[in-house]
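Understanding the architecture of this molecule
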Protein chains: 2
Amino acid sequence: MGRTVTIRDVAALAQVSVGTASRVLSGSPATSAAARERVTAAARRLGYRPNAQARSLRSTRTHTIGLLVSDVRNPFFADVAHAAEQAALAAGYVTLLANANEDTRQQDTYLETFLFQRVDGVIAAPQGAGGGDLASLVERGVPLVFVDRTVEGFEVPSVTADNDSGTREAVAHLARRGHTRIGYIGGPTSISTGRLRADAFVRAIAEHGLDPDPALIAHGDFMSASGGRCADALMSVPRPPTALLIADSPMAIGALTALRRRRVRIGTDVDLVAFDDVEWLSELDPPLSVVAQDAAAMGRAAVRLLFDVIGGRTPESVVLPTRLIVRRSSSGAAPEPAPEPVPAQGPAPAAPAPAPAPKPPSPSKGRP
Amino acid sequence: MGRTVTIRDVAALAQVSVGTASRVLSGSPATSAAARERVTAAARRLGYRPNAQARSLRSTRTHTIGLLVSDVRNPFFADVAHAAEQAALAAGYVTLLANANEDTRQQDTYLETFLFQRVDGVIAAPQGAGGGDLASLVERGVPLVFVDRTVEGFEVPSVTADNDSGTREAVAHLARRGHTRIGYIGGPTSISTGRLRADAFVRAIAEHGLDPDPALIAHGDFMSASGGRCADALMSVPRPPTALLIADSPMAIGALTALRRRRVRIGTDVDLVAFDDVEWLSELDPPLSVVAQDAAAMGRAAVRLLFDVIGGRTPESVVLPTRLIVRRSSSGAAPEPAPEPVPAQGPAPAAPAPAPAPKPPSPSKGRP
DNA sequence: ATCCTCCATGGAAACCTTTCCATGGAAAGC
DNA sequence: GCTTTCCATGGAAAGGTTTCCATGGAGGAT
């Protein structure tokens, strides 16, 4: 392997001092053309690569950001992570990936690690009350930005989706379809999106004068299996709901599986709307209506905000709009025969309601 | 923010030398109980956090690994990344995430960055001929492990799936179903899995005496959109295929969308089998038959191999088995009425063929 | 021609830790 | 009781870079 080549070697070959070599290599203006020429040539010739550790030891800048999500396997966070990582790279920053797995302890482990690694900033989809290491971060003045979620009591810029309007839009859509008993599968209350969406749901139900039966509200953990459990629970109450609003896509998949096992026909017996848009949700059986949020935009915005904070500014939080996309899981179109059944109508705040007539939960097995 | 607390402060408070403090904090055995006690107390009291940069500058160990995948938004790589990251964490390593986006230039950018960051090792799903920085890595002796893919001419331990047997199993299954013209949507030939699976496909077709028409082979780029383009292309040849084998799940989604647009009924007009298992593929319309590979096991194995390399050993490459899971997209079961249609038969190398009778590409619209 | 200014340069300190080496003291062995 | 061994400790060097400070030379202004 040989000794690694240092700036000293470059300086020697270029016949300048290490100081000059450093200035040239880090693009300081105080250099002569001659020196620039010789140093860059020497560096190239030796295949010199600056040592990031040494550099950041001296300059206290690591050009590293920490990205804490709950789980990259959740397609929503995969999108966020991908977008954030690419945006960071474009600015010369590398990204430390952390999967907290919706676990406060793992979250703390990672925040510790970020501190240890002296990251220049942290983008986090936080979990829990934010007592532990989240507090240490702000205390130590580590630039911090929240994405997707927030934590109460933290004065931290954030990028979130408009949970309230998204939820209302979905409920309004289902109400127009004639549903009065709408079930809700939400996330844990220890997560802001879990709380906000649930609250918005309750308010929207009230506004539309629908059945506020608390038995119609279930709380999962944003992961697939819990979606199935919640769907089973909701369908087991005396008068089961005729429509379901689900707070994220993994739980929607879980619910879908559970419902199928129960022989519940989605879009026919029960309407379904889920949060998060993912390409393949439109390829499901049936295609899923969704409250879409632009995860990539979220990731990019988070990076932008973080760089603002790093730069000493105090950016405003960003709330991104959501957008209801109605597909067959909540449009009651005929499942198979109809070609191109519903032309995937886009933002449809006041779309023409196909059939405002109440649709009783028909337990009949025959095709309509 | 105040000055950050260093080991010097800890030593001062504990009334020992920095040397002793260092030894205690890094767990050297050459310390007295008294010193251990005083130093740890002081460190806790001051909230001391070692500076990873300084530490690794001296010890040339960064406890960081680089993980280069093509795109975390691909659920397969999301699984790999998640598993690898968690396994690394368990060993006290942090993971630098890199999305090469199937782009050789971005790949090189990242490998440069890894070099710059002095990662202790790299796990890569490599792309291209591996001329550029991949070579620099091995040249500089950076521990390297390939995952999912390999590059010819590189003596690098790898974790891959058994592409050959997976492909054969899928083709055998389709052949048993009576298909003679099977279409193939593969990846780019610049990627080993793209080449290997395509080669295996061609061989399997020959072995079964099926139609080796080269017009039935299309090459995408492993990303969703290309799956659609390829499906369109394949269905446009004079005598279109009656079954499709697709080399990864994003392209399968793209193909599914394209086929649906063409009013091709999957599992009826055309059978479909795709590589990669992902939970929701079984929730698609229809549920997709897959050649499943255990992405999480791959990620974990890659980390294990990498630690072996870091530890100076030379581990054997690992080839993980694949497993054909037949679902409705290639089992011709009645789509809706039949409850629990096919009990998702597991590894079925010699499963009872449902109907060895050739099934002509019936353009009839009637249900069987 | 002289002085001043400016600027590129070299040298050295600083960043924070680990690790090597020497030292001193205590325990152990004769 | 004296020597040897062992081991915890302190001090200092080393790791590679950036940055500060001083210096010297060149060019411009008077």
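Refer to the structure above for everything that follows.
The numbers attached to residues start from 1 for each chain and follow its sequence in the written order. The order in which chains are written sets their letters, starting at A; the order in which ligands are written sets their numbers, starting at 1. Where totals are concerned, whole chains, interfaces and linings use all residues; where local detail is concerned, this predicted model gives features only for residues with pLDDT of at least 70, and gives and counts side-chain atom pairs only at 80 or more. For side-chain calculations, the full set of non-hydrogen atoms in the structure is used, while hydrogens and water are omitted.

Comments concerning the pattern of salt bridges
Using the following cut-off: Salt bridge, as used here: a side-chain nitrogen of Lys or Arg that lies within 4 Å of a carboxyl oxygen of Asp or Glu. Starting at the N terminus, helices and strands are each numbered in turn, a helix being any DSSP run of H or I of at least four residues and a strand any DSSP run of E of at least two. Between buried and exposed lies partly exposed: a residue is buried under 20% and exposed over 50% of the maximum accessible area for its type, with that area taken using a 1.4 Å probe on protein chains only.
All chains considered together, the criterion is met by 32 salt bridges over all chains. The salt bridge involving B:Arg49 is made with A:Glu112; its shortest N-O contact spans 2.6 Å. With one member in each of two chains, B:Arg49 in the loop between α3 (33-46) and α4 (52-59) and A:Glu112 in helix α6 (residues 104-117) form a pair that bridges those chains. Classification of A:Glu112 by relative accessible area gives partly exposed; the value is 33%. Connected via shared salt-bridge partners are A:Asp164, A:Arg168, A:Arg203 and A:Glu207.

Structural notes on the relation of the copies chain B and chain A
We count it as follows: The superposition of copies rests on a least-squares fit of C-alpha positions from residues with pLDDT of 70 or more in both. In what follows, a contact means two residues having at least one pair of non-hydrogen atoms within 4.5 Å.
Relative to chain A, chain B is turned by 180° and slid 0.0 Å along the rotation axis, the superposed coordinates differing by an RMSD of 0.1 Å. Given the turn and translation reported, the copies of this chain are related as if by a two-fold rotation axis. The residues that chain B uses at the interface reappear at the interface of chain A in 97% of cases, marking a shared surface.

Quick look at the sheet that holds strand β12 (residues 323-325) of chain A
All names here are of chain A. Rules: Note on pairing: DSSP must find at least two bridges between two strands before they are called paired. Under this scheme, a helix contributes an axis fitted over its contacting stretch, all axes are lines through C-alpha atoms, and angles between N-to-C directions fall in the 0 to 180 degree range.
Strand order in the open sheet formed by six strands is β7-β6-β8-β9-β10-β12, with mixed pairing between adjacent strands. One side of each edge strand has no neighbouring strand; the edge strands of this open sheet are β7 (217-219) and β12. With direction set aside, neighbouring strand axes in the sheet form an average angle of 15°. Sheet topology places strand β8 (residues 243-246) next to strand β9 (residues 271-275); four bridges connect them, and they run parallel. Residue pairing in the sheet places Ala243 in a bridge with Asp271 of β9. The sheet contacts of helix α8 (residues 163-176) involve β6 (182-186), β8, β9, β10 (289-292) and β12, and relative to β9 the element is tilted by about 170°. Packing of helix α9 (residues 192-207) onto the sheet brings it into contact with β6, β7, β8 and β9, and relative to β6 it is tilted by some 170°.

Observations regarding the protein's contact with DNA strand C
For the record, the criterion: We define proximity as follows: a residue is near a molecule or strand when any one of its heavy atoms falls within 4 Å of that partner. Here a polar contact is recorded for every N or O atom pair within 3.5 Å, except that within protein the pair must consist of a potential hydrogen donor and a potential acceptor, and residues adjacent in sequence are included only if both atoms are side-chain atoms.
By nearness alone, 23 residues border DNA strand C, and A:Ser32, A:Arg58, B:Ile7, B:Ser22 and B:Tyr48 come closest of all. A share of 64% of the atoms of DNA strand C within 4 Å of the protein falls on sugar and phosphate groups. Within the side chain of A:Arg23, an N or O atom sits 3.1 Å from a base nitrogen of DNA strand C. B:Ile7 has a polar backbone atom sitting 2.4 Å from a phosphate oxygen of DNA strand C.

Re the protein's contact with DNA strand D
Just so we agree on the cut-off: Three categories are distinguished: nonpolar for Ala, Val, Leu, Ile, Met, Phe, Trp, Tyr, Cys and Pro, charged for Asp, Glu, Lys and Arg, and polar for the others, with Gly belonging to the last.
If you check the shell around DNA strand D, you find 27 residues, and the closest are A:Ile7, A:Ser22, A:Tyr48, B:Thr20 and B:Ser32. For DNA strand D, the fraction of protein-proximal atoms (within 4 Å) that sit in sugar or phosphate groups is 62%. A:Ile7 has a polar backbone atom sitting 2.4 Å from a phosphate oxygen of DNA strand D. Separating a phosphate oxygen of DNA strand D from a side-chain N or O atom of A:Tyr48 is a distance of 2.4 Å. Put simply, the parts of the chain that give the surface near DNA strand D at least two residues each are α1 (7-14), α2 (18-25) and α4 (52-59) of chain A together with α2 (18-25) and α4 of chain B. Looking at side-chain class alone, the surface near DNA strand D contains 10 nonpolar, 10 polar and seven charged residues.

Concerning helix α3 (residues 33-46) of chain A
What sets the pattern is the α-helix's 3.6 residues per turn: residues three or four places apart point alike. Residue and element names in this part refer to chain A. Rules: What a helix is expected to span follows from its residue count: subtract one and scale by 1.5 Å. Directions pointing from the helix axis toward each C-beta atom define the arc.
For α3, spanning 14 residues, the distance from its first C-alpha to its last is 20 Å, which sits close to the expected 20 Å at 1.5 Å a residue. The complete set of buried residues in α3 reads Ala35, Val39, Ala42 and Ala43. Projected down its long axis, α3 carries its buried residues within an arc of 100°, all on one side. Across from the buried face of α3, at angles greater than 90 degrees, the exposed residues are Ala33, Glu37, Arg44 and Arg45. Residue Gly47 follows α3 closely and has a positive phi angle near 65°.

What to know about the interface of chain B and chain A
Note the cut-off: The term buried area means the drop in 1.4 Å probe accessible area that two parts suffer when joined, counted for both and summed.
Contact with chain B, which involves 58 residues of that partner, is made by 57 residues of chain A. When chain B packs against chain A, the two sides together hide about 5,700 Å² of surface, and 52% of this comes from carbon and sulfur. Broken down residue by residue, the surface that chain B buries against chain A is led by B:Arg49, B:Gln53 and B:Glu283, which jointly contribute 14%. The tally of links from chain B across to chain A stands at two salt bridges. In this assembly, chain B and chain A are joined by 28 residue pairs in polar contact (both at pLDDT 80 or more). When contributions to the side of chain B that touches chain A are tallied by element, the ones reaching two or more residues are α4, α5 (75-90), β2 (94-99), α6 (104-117) and α11 (249-261) of chain B.

Examining the pairing of strand β3 (residues 121-124) of chain B
All names here are of chain B. Side chains Gly121 and Ile123 of β3 all project onto a buried face; the interleaved residues Val122 and Ala124 project onto the opposite face, where all are buried too. Pairing between strand β1 (residues 64-69) and β3: four bridges, direction parallel. In the sheet register, Ile65 faces β3, and the bridge partner there is Gly121.

Just geometry here; none of it tells us what the structure is for.
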